[in-house]
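If you want the building blocks of each chain, they are given just below.
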Amino acid sequence: MKKILRLLVRFFHQEVRNSNVLFSLGLYLLGVSYLIYLLSDSTTSDTAWNTLLWVVTFFGSVQLSSRSFEFESGNYFFYYQTIAGPRSTIIAKLLFNILYMVILSLATWALFSLFFGNPVYNLGVFTLGLLLGSAGFSVVLTLTSGIAHRTKGNATLGTILAIPLLLPILKLTSVLNLQAIVGVTFTETANLIGTLVALDIGIGLLAYLLFPYLWQD
Amino acid sequence: MKGSIYKVLGVLLVLYSMIYGLLMDIPEDTFLEETIRNLFYHVSMWFAMVAMMGGSFWNAIRFLSTENLTLDRRSFCLAEMGMLFSFMGLLTGMMWAKFTWSTWWTNDPKLNGTAVTMLFYLAYFVLRNSIEDTRKKARISAVFNIFAFVMMIVFVGILPRMTDSLHPGNGGNPGFNIYDSDHRLKIVFYPAVIGWILVGTWIASLRYRLKTLQE
């Protein structure tokens, strides 16, 4: 537990030190949201709003994850393995990425609300959908960027592997969010939320079990 | 001799389902009419595909626990075979859809599931091609294979049940279960599934032996 916390702090420091990456991501979000604003008239439908929100989040998180293991190049892998072991590292990495992607998706939502207004009726369910979707995203992306990293820095490979794996989560979350926009109550979406939670936990467990195998040389 | 029993059985079952599937009388009260025969040719492909992918998944798990490279080769050949079945299932399905729904492709959860599954396994082949070291390739692609299979089951098995589908048996469309009071469809459908799985295993084992010789 202590190791995980320490790794989290370390990842956080790493991120602050390389703040240009954070800024470039922010600029991407702002730029793309504004681009959509310029190209579309202000009366976008709810479906289009939801789709665009998820497309922007999707590419943002793919971009984010493509450098998820960038700083761990070379001997850092062995360093972590001896200091903390693969299991603690993957948990720390997952928690860090979940946090990061939740912030990313919330920022996207805020930007969209600024440019296009906020059509969401049931805010609680929408936020929950955003959180669960981001959690699923970060699990898949952490694993695939780990795989891509092990193939010696082939950055596009991570994206190729991640995109199909993200589609089931994306589909479920966007259905849930669309229902939240329309204003379906929590109890009526409980089935969908339960599926998403189960999916997140399932793939999280799977990533946790599979990750140590990626480390062996 | 012993090893060839399943091959003969597979070929016989496939031939039986192909010929008798065309000759048999179909239940009269279906609005699918003659296209219901596609049950034998189209649906059996999906069952065979899931069986092949499942075999690939199982071999990937066994590889990770034993580090035996023959298991990795087996896993790869079965995945290839599953891919072939999914292509054939897609083709037969598209033909059927053209005559039943009058379109080659619709935004149906089952169709999306198929498309995504094919993307998973195409990504798996890309991954395998991009790593040089045999042992590393085997380990990393096994990890991806396990993950992809679980995601496939979610997308093909769970997601369509959450939403309506145009397919028979979903969204108020009658499935074939309500016509099988006389089990006429079942006695062709199940042999077709078993036959295709056996033939698929045979082809995969041939590919496996070829790859073993090449390496």
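Not measured: the values here are computed from a predicted model.

K.L.:
I'd love a proper account of the overall build of chain A, names of residues and values included.
P.N.:
If you tally the helices and strands in chain A, you get eight helices and zero strands. Each helix (α) and strand (β) of chain A, taken in turn from the N terminus, gives the series α-α-α-α-α-α-α-α. The globule rule puts the C-alpha radius of gyration for 217 residues at 17 Å, and the 18 Å found for chain A is close to it. Across its three principal directions, the C-alpha atoms of chain A cover 55 × 35 × 30 Å.

K.L.:
Which residues make up the overall build of chain B, and what values go with them?
P.N.:
Looking only at helices and strands, chain B features six helices and zero strands. Listing each helix as α and each strand as β along chain B from the N terminus yields α-α-α-α-α-α. Looking at the 215 residues of chain B, the share that counts as buried comes to 42%. A fraction of 73% describes how many contacts in chain B between residues 6 or more apart in sequence connect residues 24 or more apart.

K.L.:
Could you give an account of the interface of chain B and chain A, naming the residues involved and the relevant values?
P.N.:
Taken together, the 23 residues of chain B in the interface contact 22 residues of chain A. If you list the elements that add at least two residues to the side of chain B that touches chain A, you get helix H4 (109–129) and helix H5 (134–162) of chain B. Ranked by residue count, the leading element in the side of chain B that touches chain A is H5(B), at 14 residues. For the side of chain B that touches chain A, the per-class residue count stands at 21 nonpolar, one polar and one charged.

K.L.:
Got a sec to walk through the nonpolar core? Specific residues and values, please.
P.N.:
If you look at the biggest cluster of nonpolar residues, it comprises 108 residues, and the most contacted ones within it are Val140(A) and Ala148(B). In terms of residue count, helix H2 (residues 38–66) of chain B provides more of this core than any other element does, 16 residues in total.

K.L.:
Give a detailed account of the packing of helix H5 (residues 86–116) of chain A against helix H6 (residues 123–150) of chain A, specifying residues and quantitative values.
P.N.:
Residues and elements named next belong to chain A. Interhelical geometry of H5 versus H6 gives an angle of 135 degrees and a closest axis separation of 8 Å. Judged by the inter-axis angle, H5 sits oblique to H6. Considering only the axes of H5 and H6, their crossing is right-handed. Mapping the contact onto sequence places Lys93, Leu94, Asn97, Ile98, Met101, Val102, Ser105, Leu106 and Trp109 in H5 and Leu130, Leu131, Ser134, Ala135, Phe137, Ser138, Val139, Leu141 and Thr142 in H6.

K.L.:
How would you summarise H2(B) if you had to cite specific residues and measurements?
P.N.:
Residues and elements named next belong to chain B. Helix length check: H2, at 29 residues, gives a terminal C-alpha distance of 41 Å against a target of 42 Å (1.5 Å per residue), a fit within 8%. The largest bend in H2 comes to about 25 degrees, at Ser44. Within two residues after H2, Glu67 carries a phi angle of roughly 60 degrees, on the positive side.

K.L.:
Lay out unusual backbone geometry with the relevant residues and their values.
P.N.:
Residue and element names in this part refer to chain B. Despite not being glycine, Glu67 shows a phi value in the positive range, around 60 degrees. Within the secondary structure, Glu67 is located in the loop between H2 and helix H3 (69–100). A count of 14 C-beta atoms within 10 Å places Glu67 in the partly exposed class.

K.L.:
With reference to specific residues and values, describe the environment of Val139(A).
P.N.:
Residues and elements named next belong to chain A. Among the structural elements, Val139 can be located in helix H6. Val139 gets classed as buried once you count the C-beta atoms within 10 Å, which come to 28. Leave out the neighbours within four places in its chain, and Val139 touches Leu94, Asp200, Ile203, Gly204 and Ala207.

K.L.:
Provide a residue-level description of the confidence of the model for chain B, including the pertinent values.
P.N.:
Per-residue confidence for chain B gives a mean pLDDT of 81, with 84% of residues at or over 70. Model confidence for the complex: the whole-complex pTM is 0.83, and ipTM, which rates the interface, is 0.81.

K.L.:
Pulling in residues and values, what's your account of the environment of Leu52(A)?
P.N.:
Residue and element names in this part refer to chain A. Tracing the sequence through the fold places Leu52 in helix H3 (residues 46–65). Classification of Leu52 by C-beta neighbours within 10 Å gives partly exposed; the count is 18. When the C-alpha atoms of Leu52 and Phe112 are compared, they prove to be 9.2 Å apart, with 60 residues separating the residues in sequence.

K.L.:
Go over the packing of H5(A) against helix H8 (residues 186–215) of chain A, please, and point to the residues and values.
P.N.:
Residues and elements named next belong to chain A. It is at 9 Å that the axes of H5 and H8 come closest, and there the two elements cross at 130 degrees. Taken together, the axis directions place H5 and H8 in an arrangement best described as oblique. Between H5 and H8 lies a crossing whose hand is right-handed. Where H5 abuts H8, its residues Pro86, Arg87, Ile90, Ile91 and Leu94 lie against Gly204, Ala207, Tyr208, Phe211, Pro212 and Trp215. Counted by class, the contact of H5 with H8 contains nine nonpolar, one polar and one charged residues.

K.L.:
Outline the environment of Tyr213(A), listing residues and values.
P.N.:
Position of Tyr213(A) among the secondary structure elements: in helix H8. By the C-beta count within 10 Å, which is 17 here, Tyr213(A) ends up partly exposed. In the structure, Tyr213(A) is positioned 127 residues away from Pro86(A) in sequence and 9.1 Å away in space, judged by C-alpha atoms. Beyond its immediate stretch of four places on either side in the chain, Tyr213(A) contacts Leu64(B), Arg139(B) and Val143(B).

Definitions and limits used
- Residues numbered from 1 in each chain as written.
- Chains lettered and ligands numbered in written order.
- Predicted model: local features only at pLDDT ≥ 70, side-chain atom pairs only at ≥ 80, totals over all residues.
- Helix = DSSP H or I, 4+ residues; strand = E, 2+ residues; numbered from the N terminus.
- Rg over C-alpha atoms; globule rule 2.2 N^0.38 Å.
- Buried ≥ 20, exposed ≤ 12 C-beta atoms within 10 Å, placed from the backbone.
- Contact = placed C-beta atoms within 7 Å.
- Nonpolar A, V, L, I, M, F, W, Y, C, P; charged D, E, K, R; others polar.
- Core = buried A, V, L, I, M, F, W, Y, C linked by C-beta atoms within 7 Å.
- Axes fitted to C-alpha atoms, helices over the stretch in contact; angles between N-to-C directions.
- Parallel < 35°, antiparallel > 145°, perpendicular 65-115°, else oblique.
- Left-handed = near helix turned anticlockwise from the far one by under 90°.
- Expected span 1.5 Å × (residues − 1).
- Bend = angle between axes of the 7 residues up to and from the residue.
- pLDDT = per-residue confidence, 0-100.

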